[in-house]
Amino acid sequence: MRRLPPLLKELHKPGRKGLAVPRGGFEVRPAAELLPTDLLRHEPLSLPEVPEVEVVRHFVNLSNLNYGVDTGFYPLGSCTMKYNPKINEEVSAWFSDLHPYLPAKYVQPLLELLYTLQQDLLEVTGMDAITLEPAAGAHGELTAMLMAKAYLKDKGLHHKDIVIVPDSAHGTNPASAAMAGFQVITVQSNEEGLVDIDKLKAVLNDRVAVLMLTNPNTLGKFERDIMEMAKMVHDLGGLLYYDGANLNGILGWVRPGDMGFDFVHLNLHKTFSTPHGGGGPGSGPVAVKKELEPYLPKPVIVKDGETYKLETDRPKSIGKVRSFYGNILVALKALAYIKALGGAGLREAGALAVLNANYMRVKTEEFLPTAYPGLCKHEYVATAEGLKRQFGVRTLDIAKRLLDKGFHAPTVYFPLIVHEALMIEPTETETKENLDAFVEALREIVEEAQTNAELVKSAPHVTPVRRLDDTKATKQLKVRW
Amino acid sequence: MRYAPHSPEEVKEMLRAIGLERLEQLFDDIPTEALLKRHLNVEGGWDEERIRAYFRKAAAAMPDANKAVYFLGGGIYDHYVPALVDKVLSLPEFYTAYTPYQAEVSQGTLVAMFEYQSLICELTGMEVTNASMYDGASAAAEAALMAMRIKGIKRIAVSKAVHPDIFEVLHAYQVGQDFEIVEIPVLNGLTHAGALDELPPVAGLLVQSPNYYGFIENMPAFGSAIHEKGGLFIAAVDPLSLGVLKSPKEYQADIVVGEGQSLGNHMNFGGPHFGFLATKMEFVRDMPGRMIGETNDVDGRVGYVMTLQTREQHIRREKATSNICSNHWLMALASVVYLGLMGGSFKELGESILTRSTYLAEQLAKVGYPLRYRNYFFKEFPVHVPNATEVQSALAEAGYFVGPVIDENTLLVAVTEKRTREEIDGLVGLMEGLR
């Protein structure tokens, strides 16, 4: 049975043409006249032939099955689903028809914009040098870990091969460290949801290369012993890495560079309002202190007098982490956002993000406990452990029931250290009415769990499809038509 | 401008609900010595019109493809982007959504991802692909890592005729992981097949076709040669060439990667675009990245979900196949729209490029700019010039952008389906005038 629109393949009829190939004053010659037959494709190619109007309707109908920030409240923890300003989309598109191999003298205005963004991001982070090359947050982490490796090799510190990651960290942290050839050691959080300083001390030794921290952490808690941790790591010759996924919680109030961090990645698609695109493209710039600058990926955008350059002559650079120079259009959207807000506006945005999160936390604590109570930053983690124990209603059920009530669900089952976790991040761009409405929806669900658990457990009921069978998807793998 | 909606009264009311009086108190948990005691020194606070003016001034001062004539290549090309592509990518429910974690309200993205996977498999002849990678270069590097995982051999052979950025990315990965790259040299613009005779045991061989110089490699020969030695064959391809050129399946590729810009994406000064990575079903569990599978909901209706997630970082952490999390989905979506529109014309599109590039090469040869090497090409080729940088500069002054420069005497020239006969003749005339 299918309630979804038909696939493109099913709209196909042979002999239909969508759009015409540009003529340009040429009669197209058959490939067989121009190339030897053994270079040509003989395997049949079956692509959908669909008229333009049907293609339009196909995608418009598909988009109607989606939920985006422009649809409604999207409190997905650690993803910072803030409003994506439309002016950013408009102005960035003006740069879409530029080729990356245009000689630098012809793209000075663009390089100036990118350089300006770099300077602004350095001010926001309190760092000394930066690359815009990484394509995503995880990509930025990998870039940073490779730079750490190159730095350690260069200094002859080959024995430093351990990266420490708190148990509350994003999964990309250990995965990125492992890809850069480090051994990963996990350190447990304490009863307040913070890195346990004693446990950290216990694993710190001369082999420790990097401590990766997200601050505020994934529980929304600020690691208040950060200065002490920084000293402990630095005293051993190690580096302190800042995962910028949660920068929105301290934006304009405290800077990673001032907390003792040596390098940091930013998620332009979180803190700086660029859209998530259904899963990319993001952008994950990496900013560093002076001592790590030589290892930045190539090229580095620099200003030489009045001229901007894509500098490639960098002997200690790790190389490149992707082709060309980065997700330039995403960077321009972030710049438009920064220019809209300015320094004071960024600081206000940070404060209001924290205000929204704490307001919701206090409201939801009336009926759903927060895993680690007390002041949070941009997000907090509630737990449905009690509901599961008493009524058999799990976090997954609550998430699905929220979809019925017209909201996107929070991040669920993360961080891993909280049972039945609901990680809620409202961002600063939501109105008080929206927060209140979500809180009321959650309150209703908690009541439903007590009075009509089955209704919640069998949710969602009104979405385009209902709960999907993940096991079947894995066992009877069907990944193409 | 500000995008936060709070009125001063609401701020007060919300602070009261929390039991606080001032916004500053929200940061009481931060050590005083770390707190920033000033505003960020960042210029801004601009209205929309000022933002427009700022960006317009910069954009207007540059020779983009709407003002100048591009014959630029080297991995990114001035291809035709149908009007509908940008419209679909601007649908808010697509571009303001995140990763489809909540499948029931993300079927739009998930269906399109399933279609994307199907189309990439169709083009390459492979059995399985993920829902996109960052770009062609990182996809190629991930494919190399994947081959080394599968074979358990920490050595990979790579043709020197692949895009130089692929080497740069592999070198970066080498900083972190202990593996060896065997470089297969280039002879007359093509990967030197003879060099494979001396090859030590490798996990695989990576060859790009058309290669960095635009030349079509003898892929079947490389496929057989590396298979005889027990390695995997990794092919890097231009997807737009696959309506005309032999499919990777036809030359026994095991992993296929590529840069997807040519399928409906603008040049974007090099990013964002998307990369793809496709392979055989037997290697599916070694593949990085997100994958979408078909299933049913509780009522038996067809639906789509992210699947085989146990390979991924959010579950496997340091043991994951890769650290990749977000991919470049929106750019991959462009390719689905593009192929939906161009499916019926896809072969003709390839032929129209081939027609133009053949014509341009012939005309340039007539006015004294022969091909650097006499090989078959698809949409770009290297020409022999007296001084590549000078020729490039002179043409640029006339509004014709050609390149990149390969070496002192070699200039790469690319021609897409957007170039008209008039523009091509214009380039030939200009170059004739430079002699």
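Residues numbered from 1 in each chain as written. Chains lettered and ligands numbered in written order. Predicted model: local features only at pLDDT ≥ 70, side-chain atom pairs only at ≥ 80, totals over all residues. Heavy atoms only, no water.

> Quick one: what's the story with the overall build of chain A, residue by residue and with numbers?
Broken down by element type, chain A carries 14 helices and 12 strands. Taking 2.2 N^0.38 as the reference for a compact globule, 481 residues should give roughly 23 Å; the C-alpha atoms of chain A span a radius of gyration of 25 Å, in line with that estimate. With the C-alpha coordinates aligned to their principal axes, the bounding extent of chain A is approximately 75 × 65 × 45 Å. Look at the contacts in chain A between residues 6 or more apart in sequence, and 71% of them connect residues 24 or more apart. For chain A, the accessible surface area stands at approximately 15,200 Å², while carbon and sulfur atoms represent 50% of it. Each charge sign in chain A was given a centre, from 55 positive and 59 negative side chains, and these centres are 5 Å apart. (Helix = DSSP H or I, 4+ residues; strand = E, 2+ residues; numbered from the N terminus. Rg over C-alpha atoms; globule rule 2.2 N^0.38 Å. Contact = heavy atoms within 4.5 Å. Areas by Shrake-Rupley, 256 points an atom, 1.4 Å probe, with all protein chains shown as cover. Lys, Arg positive; Asp, Glu negative; His and termini not counted. Charge placed at Lys NZ, Arg CZ, Asp CG, Glu CD.)

> How would you summarise the layout of surface pockets if you had to cite specific residues and measurements?
The space that makes up the largest pocket amounts to roughly 1,300 Å³. Surrounding the largest pocket, 49 residues form its lining, Val412(A), Tyr101(B), Met306(B), Gln309(B) and His314(B) being those nearest its centre. Elements supplying a minimum of two residues to the lining of the largest pocket: helix 5 (137–154), helix 11 (395–404), strand 11 (411–412) and helix 14 (470–475) of chain A together with strand 12 (302–307) and helix 9 (313–316) of chain B. Here the lining of the largest pocket is built from residues that sort into 22 nonpolar, 19 polar and 8 charged. Here the second largest pocket is characterised by a volume of approximately 580 Å³. Glu89(A), Ala93(A), Lys333(A), Asp86(B) and Ser90(B) are the residues nearest the centre of the second largest pocket, which is lined by 25 residues in total. At the level of elements, helix 3 (86–93) and helix 9 (328–364) of chain A together with helix 3 (83–89) and helix 10 (329–342) of chain B are the ones that each hand at least two residues to the lining of the second largest pocket. In terms of residue count, the dominant contributor to the lining of the second largest pocket is helix 3 of chain A (4 residues). (1 Å grid on protein atoms, 1.4 Å probe; cavity = no way out; pocket = protein on both sides within 12 Å on 5 of 7 lines; lining within 4 Å. Points joined across faces, edges and corners; volume = space filled by probe spheres on them. Nonpolar A, V, L, I, M, F, W, Y, C, P; charged D, E, K, R; others polar.)

> Break down the interface of chain B and chain A for me, citing the residues and quoting the values.
With 195 residues of chain B in contact, the opposing surface of chain A contributes 205 residues. Surface buried jointly by chain B and chain A totals about 17,400 Å² across both partners, of which 64% is contributed by carbon and sulfur atoms. On the chain B side of the interface with chain A, the three residues burying the most area are Tyr3(B), Glu104(B) and Phe269(B), jointly 6% of the side's total. Here chain B is connected to chain A by 13 salt bridges. Between Arg38(B) and Glu123(A) there is a salt bridge, with its nearest N and O atoms 2.6 Å apart. Summed over the shared surface of chain B and chain A, the result is 92 residue pairs in polar contact (both at pLDDT 80 or more). The biggest single contributor to the side of chain B that touches chain A is helix 5 (residues 107–124) of chain B, with 14 residues. Across the side of chain B that touches chain A, the residue classes break down as 101 nonpolar, 54 polar and 40 charged. (Buried area = accessible area lost by both parts, 1.4 Å probe. Salt bridge = Lys/Arg side-chain N within 4 Å of Asp/Glu carboxyl O. Polar contact = N/O pair within 3.5 Å; in protein donor to acceptor, adjacent residues only side chain to side chain.)

> I'd love a proper account of the domain arrangement of chain A, names of residues and values included.
Domain boundaries in chain A define domain 1 (8–63), domain 2 (86–340) and domain 3 (344–457). In this structure, domain 1 of chain A and domain 2 of chain A have C-alpha centres spaced 42 Å apart. (Domains from an automatic or database assignment.)

> Which residues make up unusual backbone geometry, and what values go with them?
Looking along the chain, the bond that leaves Ala459(A) and enters Pro460(A) is cis, with omega of 0°. With respect to the helices and strands, Pro460(A) occurs in the loop between helix 13 (453–457) and helix 14. Ser209(B) connects to Pro210(B) through a cis peptide bond whose omega is -10°. In this fold, Pro210(B) is placed in the loop between strand 7 (204–209) and helix 8 (219–228). Positive phi values are uncommon outside glycine, yet Tyr413(A) reaches one of about 55°. With respect to the helices and strands, the residue Tyr413(A) is situated in the loop between strand 11 and strand 12 (421–424). Positive phi is not limited to glycine here, since Asn188(B) has a value of about 50°.

> Requested: an account of the pattern of salt bridges, with residues and values cited.
For the structure shown, the criterion picks out 52 salt bridges over all chains. The partner of Glu13(B) in a salt bridge is Lys432(A), and the shortest N-O contact between them spans 3.3 Å. Here the residue Glu13(B) occupies a position in helix 1 (residues 8–18), and Lys432(A) occupies one in helix 12 (residues 432–451), the pair thus bridging two chains. By relative accessible area, which is 37% here, Glu13(B) ends up partly exposed. Asp299(B) is the salt-bridge partner of Arg301(B), the closest N and O atoms lying 3.5 Å from each other. Assessed through its relative accessible area of 32%, Asp299(B) is described here as partly exposed. (Buried < 20%, exposed > 50% of the residue type's maximum accessible area, 1.4 Å probe, protein only.)

> Which residues make up the environment of Glu180(B), and what are the values?
Residues and elements named next belong to chain B. Mapped onto the secondary structure, glutamate 180 falls in strand 4 (residues 180–184). Counting along the chain gives 25 residues from glutamate 180 to arginine 155, while the straight-line C-alpha distance between them is 4.6 Å. Among all residues touching glutamate 180, those that are not within four sequence positions of it are Lys154, Arg155, Ile156 and Gln174.

> Break down the domain arrangement of chain B for me, with residues and values.
Residue and element names in this part refer to chain B. Examined at the domain level, chain B breaks down into domain 1 (69–82 + 344–434) and domain 2 (84–341). A C-alpha centroid distance of 28 Å is found between domain 1 and domain 2. Of the residues lining the interface, 30 residues belong to domain 1; the matching set on domain 2 comes to 34 residues. The largest per-residue losses of area from domain 1 upon contact with domain 2 belong to Pro82, Phe346 and Phe378, which jointly make up 26% of the total buried on that side. Counting every contact that joins domain 1 to domain 2 gives 1 salt bridge.

> Now, about empty space enclosed by the protein: what can you tell me, with residues and values included?
Residues and elements named next belong to chain B. One pass over the structure, following the stated rule, counts 5 cavities of 30 Å³ or more. Considered as a void within the structure, the largest cavity measures approximately 350 Å³ in volume. Every residue lining the largest cavity is counted, 24 residues in all, and those nearest its centre are Gly75, Tyr77, Gln208, Val237 and Glu259. For the lining of the largest cavity, the secondary structure elements donating two or more residues are helix 6 (136–151), strand 8 (232–237) and strand 9 (255–259). In the lining of the largest cavity, the residues fall into 10 nonpolar, 10 polar and 4 charged. Three or more residues apiece are contributed to the lining of the largest cavity by two domains, here domain 1 (69–82 + 344–434) and domain 2 (84–341). Each pocket or cavity is described by its volume, and for the second largest cavity that value is around 100 Å³. Along its surface, the second largest cavity is lined by 14 residues, and Ser209, Ile216, Leu245, Lys246 and Tyr251 are the ones closest to its centre. Each residue belonging to the lining of the second largest cavity can be placed in one class, and the counts come to 9 nonpolar, 2 polar and 3 charged.

> So what about the environment of Lys320(A)? Which residues, and what values?
All names here are of chain A. For lysine 320, the location among the structural elements is in the loop between strand 9 (307–311) and helix 9. Owing to a relative accessible area of 6%, lysine 320 belongs among the buried residues under this scheme. Between the C-alpha atoms of lysine 320 and leucine 296, which are 24 residues apart in sequence, the distance is 8.7 Å. At a separation of 3.4 Å, a polar atom in the side chain of lysine 320 contacts the main-chain carbonyl oxygen of lysine 298.

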